[in-house]
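# Structural overview for review
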Amino acid sequence: MSEKKPFYITTPIYYPSAKLHIGHAYCTTIADAIARFKRLAGYDVFFLTGSDEHGQKIQRTAEEQGVSPLEYVDGIVAEFQKLWVRLGISNDDFIRTSEARHHRVVQEIFRRIYEKGDIYKGSYTGLYCTPCESYWTEHQLDENGCCPDCHRPVEQVSEEAYFFKMSKYADRVLQYIEENPEFIQPVSRRNEMINFIKQGLEDLCISRTSFDWGIPVPMDEKHVIYVWFDALTNYLTPIGFLDDAEKFGKYWPADLHLVGKEIVRFHSIIWPCILMALDLPLPKMVYGHGWLVVDGDKMSKSKGNVVDPLLLIDEFSADAIRYFLLREINLGQDGNFSRDALITRINADLANDLGNLLHRTLNMIGKFQDGIVLAPEGESEIDASLKADAMATVRAFREGMEQMKLSESIKKVWAFVSRANKYIDETAPWALAKDPEKKQVLANTMYHLAESLRFISVLISPYMPFTAKRIWEQLALPQPFDEVQLSDIETWGGIAGGHRVGAPEQLFPRIEVEKEAQPAKPQQTQKQGKQQKKAEKREEPAAEISMEDFSKIHLRVVKVLAAEKVPETDKLLKLTVDLGNEKREIVSGIAKHYEPEELIGKNVVMVINLKPAKIRGIVSHGMVLAASAGDELKVLSVDMPIGATVR
Ligand code: MSP
């Protein structure tokens, strides 16, 4: 018997009318991050998503394609399910409204409300938007007399129909919204809903006779039940509404219905009225998130800017997309998706910050301590401050996630990733490794880094479940990753002294952006060549050069992304550097003065228009500047952004 607190979270169920796009993936990713966080925090989570398969629109499309509606939706729904698996969505159930288990629930609900007298038969004449499956009153239409949601024409419909007495519940719903400020979030949506109800609620038409792809009205089979009445009840079906009272008692009322802003109305007005008619408690929260637009524009087939999440996953990985969506967009507000912004995040935050921290740490533990994390003894001020930062990050993360501040929480975790990278530069383990007296200091440093990465792996797991697990596995921690809880990082020191870590593996490859035009190589004519040679000869004894000569040398601030020894040499390092608009490899004769790890992350000055040369089989394109005096040598490192020119 589990004593965990239950947490029931849902996404909307998606229409299988078209392919899912990145906007749908956004909605489901948010819900997944929250569900994963709650599990981590010790809740018994039930996370539901699914497909909303009935309605006239589906029936029409299926007819056009010469297949049955079910045949038509089966293929699309299989694609949804594939997408959710690839995106790492951890839903506990997937409800299809075409399933028998759901039909039973919808018909029973209809029957109960009908018997109570809150559903009656009447005649409907009204304006219907087929794509949105919504009825509108005259005063709700937009300025062109079209659907206020999708702005397409509405149809005048007149038919015998069943009505749900929404008007009876209007005051009670309004009172509930006013008395429970948490119920509709964010607050701007709450205000919209209050205004909407205050304009008056009409009874809702909940059956149609003009098509039959839907759930029949139990006492009058020529009617099918209105899709929203059918769809909303999906939230009750999988948690045992009709057949498992204990399960139902545990998960209902739902803790969170996460929905897009345009369907808050259905969830915070119509749905509460249905629940009140059933004498069921109302969900604790309906959260209306904003919309994702692409390069500043709403996605649409006609604009050809619909972004397919499966293709993006193939190209960049699920975790990179999850990270981008959760970090870039403040929940509740509209947000922008752009490929360039995604690539920038991948390169800067994932490949650089996170990837380098893991790689440097495991590499150094391997090199300096044969892969063993030795028990720490004593603690320097800087160690203590890293540890305090780790603990504060866990607290801030918990607080932020509980308040659904997803982006803010991720930023806090990344601030800690940067802190840990800085700790490497400050403690300079490569120098400690050279001093036998500093063995324990080095051991303490390596311990603090490994333990920081244990923290980071747990903290990123709601956002990037695949990467979190890979870090955990590279750290080779004995606790099964799937059993890890947030409480495991509430105390420092979870790694046992003597633990052997694994070998570093790259987490995120850097994404190459198409190279911009290379800096122009000076084109020499034969004559110019001769003149230059003459000049060189003439200038040999002289130390002076003209401004013009100097300006031929293009100097730029570049960042060292990766560094490694060139095999079978003791002088050469191969550096991978970021020039701002491109990435290059160079070979530099500084191996005697620098450990590779020491250089990673440094902004250094480089001659960028030096002719490429092949050194030990590596094409070196550029030269890092260094100052030397006697045996000492230091690269020229500056506190300026990548791409800055040096003059
Ligand atoms: N079937 C109904 C929901 C019934 S819930 C009982 C529906 N389906 S939908 O497929 O049109 O939309 C599902 C969700 O995807 C909605 O919450 C909607 O806001 C969201 N999104 C669709 N496009 C979106 C963006 N471009 N950006 C963010 N979310 C968007 O409505």
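Residues numbered from 1 in each chain as written. Predicted model: local features only at pLDDT ≥ 70, side-chain atom pairs only at ≥ 80, totals over all residues. Heavy atoms only, no water.

## Here's the deal with the domain arrangement of the chain
One frequent convention defines the size of an interface as the accessible area lost when the parts assemble. Quick reminder of the rule: All domain edges in this entry derive from an automatic or database-based domain assignment. Here, residues are in contact when the closest pair of their heavy atoms is within 4.5 Å. We define buried area as the total accessible area lost by two parts upon association, computed with a 1.4 Å probe and summed across both. What counts as a salt bridge is simple: a side-chain nitrogen of Lys or Arg found within 4 Å of a carboxyl oxygen of Asp or Glu.
For the chain, the assigned domains read domain 1 (6–315), domain 2 (349–500) and domain 3 (526–646). Computed over C-alpha atoms, the centres of domain 2 and domain 3 are 33 Å apart. Contacts between the two partners involve 9 residues from domain 2 and, on the opposite side, 7 residues from domain 3. For the pair domain 2 and domain 3, the summed buried area comes to about 820 Å², and 49% of that belongs to carbon and sulfur atoms. Considering only the side of domain 2, the residues that lose the most area to domain 3 are Asn-352, Arg-360 and Trp-430, jointly responsible for 54% of the buried surface there. Where domain 2 touches domain 3, the interface holds 3 salt bridges. We note a salt bridge from Lys-367 to Glu-595, for which the minimum N-O separation is 3.3 Å.

## Examining the sheet that holds strand β4 (residues 119–129)
Strands pair in a sheet through their backbones, by hydrogen bonds, and they do so in one of two ways: parallel or antiparallel. We apply this condition: Pairing between strands requires that DSSP locate at least two bridges from one strand to the other. Secondary structure elements follow DSSP: runs of H or I of four or more residues count as helices, runs of E of two or more count as strands, with numbering from the N terminus.
Judged by pairing direction, the sheet is antiparallel, and its 4 strands sit side by side in the order β5-β4-β6-β8 without closing on themselves. This sheet does not close on itself; its edge strands, each paired only once, are β5 (134–136) and β8 (204–205). In this sheet, strand β6 (residues 155–164) lies alongside β4 in antiparallel orientation, the contact comprising 10 bridges. Counterpart to Ser-123 in the pairing with β6 is Glu-160.

## Some points on unusual backbone geometry
The omega angle of the peptide bond from Gln-185 to Pro-186 is -15 degrees, so this bond is cis rather than trans. By secondary structure assignment, the location of Pro-186 is in the loop between β7 (184–185) and α6 (187–198). Across the junction of Trp-252 and Pro-253, the peptide omega takes the value 5 degrees, indicating a cis bond. Phi angles above zero are rare outside glycine, and Ser-317 is one such case at about 90 degrees.

## Looking at the site of the ligand
Put simply, the test is: The rule for a residue being near a molecule or strand is that one of its heavy atoms must lie within 4 Å of it. The term polar contact refers here to a pair of N or O atoms within 3.5 Å; inside protein, the definition further demands a hydrogen-donor-capable atom paired with an acceptor-capable atom, and it admits residues adjacent in sequence only when both atoms are side-chain atoms. All accessible areas in this document rest on Shrake-Rupley with a 1.4 Å probe, and a residue is counted as covered only by the protein chains that are shown. Gly is put with the polar residues, along with every residue not named as nonpolar or charged; the nonpolar set is Ala, Val, Leu, Ile, Met, Phe, Trp, Tyr, Cys and Pro, and the charged set is Asp, Glu, Lys and Arg.
In the vicinity of the ligand there are 24 residues, among which Ile-13, Asp-52, Gly-260, Glu-262 and Leu-292 approach most closely. Between the ligand and Tyr-15, the relevant distance is 3.1 Å, taken from an oxygen atom to a main-chain nitrogen or oxygen of the residue. For the ligand, an oxygen atom lies 2.8 Å from a polar atom in the backbone of Gly-260. Surface burial for the ligand is 92%, taken as the share of its 670 Å² of free accessible area covered by protein chains. Of all elements in the fold, only β1 (6–14), α1 (22–40), α7 (227–232) and β12 (256–260) reach the threshold of two or more residues within the shell around the ligand. Residue classes in the shell around the ligand are distributed as 14 nonpolar, 8 polar and 2 charged.

## Focus: helix α5 (residues 170–179)
Formally: Burial here depends on accessible area, computed with a 1.4 Å probe over protein chains only, as a share of the maximum for the residue type. Under 20% is buried, over 50% is exposed, and the range in between is partly exposed. Here the arc refers to the set of directions running from the helix axis out to each C-beta atom.
Of all the residues in α5, the buried ones are Ala-170, Val-173, Leu-174 and Ile-177. Along α5, the residues classed as buried sweep out an arc of 100 degrees about the axis, all on the same side. Facing away from the buried surface of α5 by more than 90 degrees, the exposed residues are Asp-171 and Glu-179. Against the buried residues of α5 lie β7, α6 and α9 (264–277).

## Description of the pattern of salt bridges
Within the structure shown, the criterion is met by 47 salt bridges. As a salt-bridge pair, Arg-584 and Glu-582 come within 3.4 Å of each other at their nearest N and O atoms. Assigned by exposure class, Arg-584 and Glu-582 land together as buried. Within this structure, Lys-121, Glu-160, Asp-220 and Lys-222 form a network of salt bridges that share partners.

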